[in-house]
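Structural overview for review
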Amino acid sequence: MLDFTQLFKIIIIFLLISLNVNAKSITETLTEIESLTRNDSLTAQAQLNTILLSINNASYVEKLRWIQLSLFASAVNSDKKYLDLTMSTARNLLQKKSQLNSSWLLLFQFEKEQILREKLGLLAPLQAISQQISIHENLRLSAYFNRLLLFAYIDEAIFDLAFDTAFKNIQQWQQLKEPYLALEIAVEIIELQLISQDIEGANRTLQQAKTQAKQLNAKNTLISLNEIESRILFIQQKPHEAIKKLKYLLEKYKIKKNDVNYPSIIYELSFIYYQIGQYDQAIQYAEILLSNSDPAIENSSIAAKMLLAKSLVEIGDLTRAKKFITEAKQIFTLKNDHFGLFEVDKTNIDILYKSKDINGLYKSAKSLVNRVINFKDNQGEQRTKRANTIVQVDNQNKVIDILAKDNTKQQKELSVTKKSVQEQNTYLTLLVLFCLSLSILFIWLLFLLRKIRVLANTDVLTGITNRRHGLELAEKRLNKKTQSTLCIAIMDLDEFKSVNDTYGHDIGDKVIQLAVSQSQVALNEDDIFCRMGGEEFMYILSDIDQIKTIQRLNKIRESIFQSDTHSLGINRQISASFGATHVSDPQNKKSLTDYMIEADIALYKAKNNGRNQVQS
Ligand SMILES: Nc1nc2c(ncn2[C@@H]2O[C@H](COP(=O)(O)OP(=O)(O)OP(=O)(O)O)[C@@H](O)[C@H]2O)c(=O)[nH]1
């Protein structure tokens with residue numbers, strides 16, 4: 001039987017043991033949770049929540065570790081509620097009694113902002129407090145500060161400074177015996193080595209980190225490292241091995257939709273398929289990501305949207321591509337994510353190029369250049385310069401490429417247009433020639449018609465008006481109202497038969513022609529003179545009175561009589577007889593036939609009276 005003293009001793013020993021276990025257990029529990037956070041972050045978060053109350057009595061470092069782990073878990077799980085709880089607990093645990101506490105709280109606040117993706121602008125305030133941090137000469141604080149600074153440098157793409165900070169930071173965590181945090185930084189170093197294209201270095205760090213992760217049983221980190229390894233395979237132009245590795249990862253670790261690593265693996269698969277031109281597969285994986293509405297994958301979903309849009313551009317589904325690019329643009333604009341917006345602009349350029357919208361293309365290229373030029377952030381000149389150079393060079397290349405392609409296209413179009421213009425010109429020339437020929441033909445026809453008309457109205461032998469046309473003109477003149485006296489006369493060459501008989505018909509013709517030319521001496525422009533047939537002619541003279549007309553007829557007669565017949569080889573004079581009548585009463589005109597009969601009677605008189613005279 002145990003006596004009371006023995007029992008008391010046992011109780012004391014038990015209490016001491018249990019107290020000792022309890023005191024140890026917080027550090028140990030935190031270490032276990034730390035392993036769990038990188039293995040099963042949801043369970044880790046639940047356990048951190050369980051020990052929330054006992055943390056009040058824990059040591060300062062344990063409090064810090066609890067806050068740090070809670071921040072990390074809420075980040076991995078994208079649990080904003082737990083993030084707020086952690087922050088309010090942190091404020092209670094580390095009341096702002098000392099400057100050290102204030103610095104920790106400030107850093108935790110920065111980390112919260114980073115988790116909430118309000119990280120833009122984090123670098124400047126971090127740099128501003130670097131002096132304040134170093135004053136404390138607290139290794140843990142300095143390590144935590146450097147860790148945040150490293151992430152800010154990476155976010156701002158200042159990779160050289162990020163490298164320096166990472167190497168410094170990994171040593172700090174090793175010194176503090178914080179292997180998980182050292183591992184976290186090692187992963188960042190691998191990423192940085194990949195960015196600076198130090199593939200060998202990245203591979204070396206990766207193998208060390210993998211061994212470390214296995215030892216620490218950090219499953220999530222191990223998966224991340226395997227993902228990076230697949231990316232290295234892709235960089236080494238072994239895309240199919242990379243795909244195999246990613247698919248193996250999904251299988252081996254049974255990574256399902258809700259797993260933290262799921263989005264990044266699926267995204268990586270989609271990315272590699274896109275890069276090797278298997279756009280259907282790229283689209284398939286991007287769509288898997290987008291079908292998951294979990295806010296935890298918000299970042300991957302924007303990236304997936306971009307990848308989906310780019311793949312859709314490649315397969316020519318521009319309508320859907322535009323839809324996703326618009327959605328991505330909205331998110332990037334909200335987040336003020338300039339790199340995202342650069343990507344949007346570049347993809348938009350591809351869309352516009354494919355849809356052959358040269359105007360839109362020009363506008364987008366201009367907006368992209370403007371975006372680069374006007375891009376300013378808190379980091380200042382250095383970053384802006386780098387981004388400008390990179391994007392401008394990329395953009396310029398693209399624009400040059402587009403312009404070159406466009407130029408070839410335009411040249412093709414131009415040559416087609418030139419060809420069609422040439423064809424049109426040929427047709428036009430032919431048409432003009434045809435029209436010209438038609439016009440010439442038409443003018444020629446008019447000329448012929450006129451000639452025919454003239455010929456139809458002209459006496460062939462003498463070239464004066466013929467009988468038909470002469471009578472027409474006479475009829476018109478008779479019907480015309482005129483104040484002047486009108487004289488209608490018929491002339492007949494005297495004894496012409498004997499001319500013909502003596503000298504021949506040809507000489508007779510020439511005598512007729514001579515008589516005609518001699519008649520011109522007393523004719524006015526508006527007189528009518530025509531050959532009625534044989535050696536008979538008609539005159540219609542208009543003048544101030546009858547005397548004047550008779551005078552003019554006599555002048556003609558005299559001219560005929562006086563004409564030089566010797567040149568015709570005739571030894572005798574020629575003469576003509578004239579019978580004339582006058583239109584005496586203009587109000588009471590007779591017909592042309594009547595007047596001609598009257599003139600004929602007068603001619604008869606002239607013949608009978610001895611010829612070579614005018615009778616009226
Ligand atoms: N050379 C020539 N002779 C013609 C032409 N037309 C008619 N004659 C001739 O002219 C002559 C006319 O003669 P006639 O009418 O009988 O009278 P004439 O000899 O002139 O005598 P008068 O009239 O009485 O003075 C005929 O011998 C016709 O053959 C012609 O175009 N050329």
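Keep in mind the model is a prediction, meaning the values are calculated, not measured.

Compared with an ideal rise of 1.5 Å per residue, which puts 17 residues at 24 Å, helix α12 (residues 219-235) spans 24 Å between its outermost C-alpha atoms and is within 8% of the ideal. For α12, the buried fraction is high: 13 of the 17 residues fall into the buried class. Directly beyond the C-terminal end of α12, a positive phi value near 60 degrees is found at Gln-237.

In this section: the side chain of Asn-457. With respect to the element layout, Asn-457 can be found in helix α20 (residues 381-457). When neighbours within four sequence positions are excluded, Asn-457 is seen to be in contact with Ile-464, Thr-465, Asn-466, Arg-468 and His-469.

This next bit is on the site of the ligand. What surrounds the ligand is a group of 16 residues, the closest being Glu-495, Phe-496, Lys-497, Asn-500 and Arg-531. In the environment of the ligand, a nitrogen atom lies 3.0 Å from a nitrogen or oxygen atom belonging to the backbone of His-505. In the environment of the ligand, a nitrogen atom lies 2.9 Å from a nitrogen or oxygen atom belonging to the side chain of Asp-509. Surface burial for the ligand is 65%, taken as the share of its 660 Å² of free accessible area covered by protein chains. Where the shell around the ligand is concerned, the elements lending two or more residues are β1 (485-493), α22 (496-503) and α23 (505-519).

A few words on the UniProt feature "transmembrane region" (unreviewed entry) in the chain. If you check UniProt for "transmembrane region" (unreviewed entry), the listed places come out as residues 427-449 in our numbering. Across residues 427-449 one finds 100% helix and 0% strand; the C-alpha atoms that close the span lie 32 Å apart.

Another aspect to go through is helix α2 (residues 41-50). Taken residue by residue, α2 has Ser-41, Ala-44, Gln-45 and Leu-48 as its buried positions. Along the axis of α2, the buried positions cluster into a sector of 100 degrees, meaning they face one direction only. Opposite its buried face, α2 presents the exposed residues Leu-42 and Thr-50, each directed more than 90 degrees away.

Glycine aside, residues mostly have negative phi angles, and peptide bonds mostly take the trans form. Positive phi outside glycine occurs at Lys-177, with the angle close to 55 degrees. On the basis of relative accessible area, Lys-177 is assigned to the exposed category, the value being 69%. Within the chain, Gln-197 stands out as a residue other than glycine whose phi angle is a positive 60 degrees. On the secondary structure map, Gln-197 appears in the loop between α10 (179-195) and α11 (199-216).

A separate point is the pairing of strand β3 (residues 536-543). It is a general feature of regular strands that their side chains alternate between the two faces of the sheet. Counting buried positions over the 8 residues of β3 gives 7, a clear majority of the element. Where β1 and β3 come together, 8 bridges link them in antiparallel fashion. Paired with Cys-487 across the bridge in β3 is Leu-541. Bridge analysis of strand β2 (residues 528-533) against β3 gives 5 bridges, and the strand direction is antiparallel.

All right, on to the side chain of Asn-77 then. Of note, Asn-77 is situated in helix α3 (residues 60-77). Within the structure, the side chain of Asn-77 is placed 2.7 Å from the side chain of Ser-41, a separation counted as a polar contact. Discounting residues that sit within four places of it in the chain, Asn-77 has contacts with Ser-41, Leu-42 and Gln-45.

The subject of this paragraph is the sheet that holds strand β4 (residues 576-582). Taken in spatial order, the 5 strands make up an open sheet running β2-β3-β1-β4-β5, and their pairing is mixed. Looking at strand neighbours, the two that pair on one side only are β2 and β5 (614-615), the edges of this open sheet. In this fold helix α24 (residues 546-561) packs onto β1, β3, β4 and β5, with an angle of close to 165 degrees to the strand it touches most, β4. Sheet strands touched by helix α25 (residues 592-608): β1, β2, β3, β4 and β5. Its angle to β4, the strand with the most contacts, is close to 140 degrees.

Cut-offs used in this document
- The residue count restarts for each chain, going from 1 along the sequence in the order it is written.
- This being a predicted model, a pLDDT of at least 70 is required before a residue's local features are given, and a value of 80 or more before pairs of side-chain atoms are given or counted; all residues contribute to the totals for chains, interfaces and linings.
- Only hydrogens and water are removed before side-chain values are computed, so all heavy atoms of the structure are retained for them.
- Helix numbers and strand numbers start at the N terminus; a helix is a DSSP run of H or I with at least 4 residues, a strand a run of E with at least 2.
- The span one expects for a helix is its residue count, reduced by one, times 1.5 Å.
- The buried label applies to any residue whose accessible area, calculated with a 1.4 Å probe on protein chains only, is under 20% of its type's maximum; exposed applies above 50%, and partly exposed to all values in between.
- Two residues qualify as a contact provided that any one of their heavy atoms is within 4.5 Å of a heavy atom in the partner residue.
- Throughout this document, a residue counts as near a molecule or strand when at least one of its heavy atoms sits within 4 Å of that molecule or strand.
- In protein, a polar contact requires one atom able to donate a hydrogen and another able to accept it; more generally it is a pair of N or O atoms within 3.5 Å, and residues adjacent in sequence count only if both atoms are side-chain atoms.
- Per-residue accessibility takes into account occlusion by the displayed protein chains alone, with areas from the Shrake-Rupley method and a 1.4 Å probe.
- UniProt positions are given in the numbering used here, feature names are shortened, and annotations may be inferred rather than shown by experiment.
- Taken from the helix axis, the directions to the C-beta atoms give the arc we talk about.
- For two strands to be treated as a pair, DSSP must find at least two bridges joining them.
- In this description, a line fitted to the C-alpha atoms serves as the axis of each element, helices being fitted only across the stretch in contact, and the angle between N-to-C directions of two axes falls anywhere from 0 to 180 degrees.

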